[in-house]
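Given next are the chains, with one letter for each unit.
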Amino acid sequence: MAKKIIITIDGWSSCGKSTLAKQLAKELGYVYVDSGAMYRAITLYFLRNHVDWTDKKEVHNALESINLEFVFNPQRQASEIFLNGENVEFLIRDLVIAEKVSDVAAIREVRAFAVAQQQKMGAKKGIVMDGRDIGTVVFPKAELKIFMNADNAVRVERRFRELYEKNPNVTIEEVKNNLEMRDYIDSHREVSPLRKADDALELDNTNLTHEQQLHKALDWVNSRLHKA
Ligand code: DC
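If you're wondering where the values come from, they're calculated on a predicted model, not measured in any experiment.

A. Region of the structure containing the sheet that holds strand β5 (residues 86-87). What the 3 strands build is an open sheet, ordered β3-β4-β5; its pairing is antiparallel. With one partner strand each, in any of the chains shown, β3 (68-73) and β5 form the two edges of the open sheet. Bridge count between β3 and strand β4 (residues 78-83): 6 bridges; the pairing is antiparallel. Looking at β4, one finds that F72 is bridged to S79. Across the sheet, helix α2 (residues 35-48) touches β3, β4 and β5, and the angle it forms with β4 is around 30 degrees.

Written as structure tokens, this is what we have:
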């Protein structure tokens, strides 16, 4: 049987992690898991149910009522996240969620809840997972770790274009502030802050096309597949 590996992709918000992760998963026939979608879906649940996330007991009880599942949608050729049986893939991309998700993702119990499920998903390998702590905490022994980056202006522009398609009222300023705030909280939190794993390879895609970034990453994959 062909050897399968675990590929982790971490990095700052909106630097193209999910695009590369999807490209790699498609190319290799691997499963793609968007770990950020889990934190976003938990945030949606907390907001809808008025959970006071500064209260440990409330967080604990809320997490007991949350079931997350990824279901592949053949029409979009992509996995979509379900929160307690409801497809929330599109709802969780809203700026309202983006404004709160970094606070929710900084909670120790929330992270333990998400990480345990992420580790189960990777038990059989053949997986590409993107996020902030995948190479450092979720799969510290992954065969290939990629840390992505891109210029700030490029990241803001990319996220703005994505959000503008759904909501033409969104402004560049709002998007810029949100990215800066999330990057700060994600990299300064006490539990599993965003950082490059010592053995991660850096990929700055500011000036790379999608094809070029895929090429580069596939070279790394091939070198890992031929290693063991
Ligand atoms: O990748 P994203 O922008 O959809 O992630 C949303 C938020 O979730 C991000 O601001 C930080 C948090 N996150 C995290 O803390 N750890 C992960 N592995 C993935 C996301």
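Structure shown, so let's carry the discussion forward.
B. Region of the structure containing the site of the ligand. Contacts to the ligand come from 16 residues, most closely from R40, R111, D133, D186 and R189. Between an oxygen atom of the ligand and a side-chain N or O atom of R111, the distance comes to 2.8 Å. Here the ligand loses 96% of its free accessible area of 440 Å² to cover by the protein chains. Only α2, α4 (95-105) and α8 (172-188) provide two or more residues apiece to the shell around the ligand. Examining the composition of the shell around the ligand, we find that 4 residues originate from one element, α2, more than from any other.

Rules behind the numbers
- Residues numbered from 1 in each chain as written.
- Predicted model: local features only at pLDDT ≥ 70, side-chain atom pairs only at ≥ 80, totals over all residues.
- Heavy atoms only, no water.
- Pairing = 2+ DSSP bridges.
- Helix = DSSP H or I, 4+ residues; strand = E, 2+ residues; numbered from the N terminus.
- Contact = heavy atoms within 4.5 Å.
- Axes fitted to C-alpha atoms, helices over the stretch in contact; angles between N-to-C directions.
- Near = heavy atom within 4 Å.
- Polar contact = N/O pair within 3.5 Å; in protein donor to acceptor, adjacent residues only side chain to side chain.
- Areas by Shrake-Rupley, 256 points an atom, 1.4 Å probe, with all protein chains shown as cover.

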